[in-house]
Amino acid sequence: MKNYLKLVNFEFNRCIKLYSVLIGMTIVSQIIAVFVESRQYLSMVNQEVYQNKIPKEAFLSETGGMSMFWVVNNGLFLVPILICISAILFYSFYIWYVEWMGKNSFIYRLLTLPTSRMAIFWSKLTTIALMIFGLVSVQLILLVAESQLLKALISDEFRIDLSIQKISQLSFYLSVLMPKTFLDFLTYYGIGFILLFLLFTAILFERSFRFKGAAIGIGYGIGLFFIFLAPVMARDLFNFNKLYPNEIMILEFILGILVIAISCWTSHYLLNKKVTV
């Protein structure tokens, strides 16, 4: 356990610069989005209500009040989220390859440590999980701060206040990152981590067998993921309606655990039998 925690600390320290840049970019860009949308809305108010003398009620009836809906659908708000998702996906690949770079590959030192090789696997997986949940936490705090900033910029008569839960449902990306219910949370993040397990195993196939391993890993990952989706595919594609929705959910949960278990066993085998120093 001590070695595992040391490995997690090592892996997280390695990505801390990239992680800090992602957080800083997200904060700055989304705060700018609040100012941009607020200024555009206030310009509309000034033009229509105060210059064109349109009644305030008519303006609000046609245009609506200013809310976080305007902000979360601004490109400056959405682009950092997409960049963060892309960066984490890229780093999920990169985190396995960086040790093999250079003349004195660091992976050889890691693999000869007096600890289970699966500790390396779990430390990398834990690092990615910490990055994901850390960014989601930052986004949640940002939504609270941005809502308060909007209150300071737009007067009550032209503003519609929304709860954080409602704001998270205004954007597809936010609704996935911050699901409305616990069941949605298990569904979205469960599928995400299943894909992450399969990705790590596919990378180990490539590290073990190189080009041939890449093809095996891709086929392996696609095959297991189709097994996981089999109940839903049978219902949607072949009209298999003998199971109730709750039963399909339970079956998906069981298959998800099975896929993760197979992926872990395969990764354990590859790390101990095929990845050599």
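Everything that follows concerns the structure shown earlier in this document.
Nothing here was measured: the structure is a model prediction, and the numbers come from that model. (Residues numbered from 1 in each chain as written. Predicted model: local features only at pLDDT ≥ 70, side-chain atom pairs only at ≥ 80, totals over all residues. Heavy atoms only, no water.)

Draft legend 1. Inspection of the side chain of Lys 124 at higher detail. Looking at the element boundaries, Lys 124 is found in helix H6 (residues 118–153). Residues within four places of Lys 124 in sequence aside, it is in contact with Glu 11, Arg 14, Ile 95, Trp 96, Glu 99 and Phe 200. (Helix = DSSP H or I, 4+ residues; strand = E, 2+ residues; numbered from the N terminus. Contact = heavy atoms within 4.5 Å.)

Draft legend 2. Representation of the packing of helix H1 (residues 2–51) against H6 in the model. One way to put it is that H1 packs onto H6 with a least axis distance of 9 Å and a crossing angle of 20°. Taken together, the axes of H1 and H6 lie roughly parallel to each other. By crossing handedness, the relation of H1 to H6 is classed as right-handed. (Axes fitted to C-alpha atoms, helices over the stretch in contact; angles between N-to-C directions. Parallel < 35°, antiparallel > 145°, perpendicular 65-115°, else oblique. Left-handed = near helix turned anticlockwise from the far one by under 90°.)

Draft legend 3. Examining the pattern of salt bridges more closely. Considering all chains together, one arrives at 6 salt bridges under this definition. Put simply, Glu 11 and Arg 14 hold a salt bridge, and the shortest N to O gap is 3.4 Å. With Glu 11 and Arg 14 both in helix H1 and 3 residues apart, this pair spans about one turn of that helix. You can call Glu 11 buried: its relative accessible area is 0%. (Salt bridge = Lys/Arg side-chain N within 4 Å of Asp/Glu carboxyl O. Buried < 20%, exposed > 50% of the residue type's maximum accessible area, 1.4 Å probe, protein only.)

Draft legend 4. Looking closely at the packing of H6 against helix H10 (residues 245–274). Running from N to C, H6 and H10 point in directions that differ by 130°, and their axes come no closer than 9 Å. Classed by the angle they form, the pair H6 and H10 counts as oblique. When H6 is examined against H10, the residues Met 118, Phe 121 and Trp 122 are found in contact with a partner set consisting of Cys 264, Ser 267, His 268 and Leu 271. When the residues that make up the contact of H6 with H10 are grouped by side-chain class, the tally is 5 nonpolar, 2 polar and no charged. (Nonpolar A, V, L, I, M, F, W, Y, C, P; charged D, E, K, R; others polar.)

Draft legend 5. Spatial organisation of H1. With 50 residues, H1 should reach 74 Å at 1.5 Å per residue; the first-to-last C-alpha distance of 68 Å fits that figure. Following H1 by one or two positions, Lys 53 adopts a phi angle in the positive range, close to 60°. (Expected span 1.5 Å × (residues − 1).)

Draft legend 6. Geometry of the nonpolar core. Ranked by internal contacts, the top residues of the largest apolar core, which has 56 residues, are Phe 77, Phe 121, Ile 128 and Phe 200. When contributions to this core are tallied by element, the ones reaching two or more residues are H1, helix H3 (68–72), helix H4 (75–97), H6, helix H9 (182–238) and H10. Among the elements that make up this core, the one with the highest residue count is H9 (14 residues). With near-sequence residues (within four places) excluded, Phe 200 lies in contact with Ser 92, Ile 95, Trp 96, Phe 121, Lys 124, Leu 125 and Ile 128. Core analysis: the second largest hydrophobic core is formed by 8 residues, Leu 111, Ala 119, Ile 120 and Val 275 among them. (Core = buried A, V, L, I, M, F, W, Y, C linked by side-chain atoms within 4.5 Å.)

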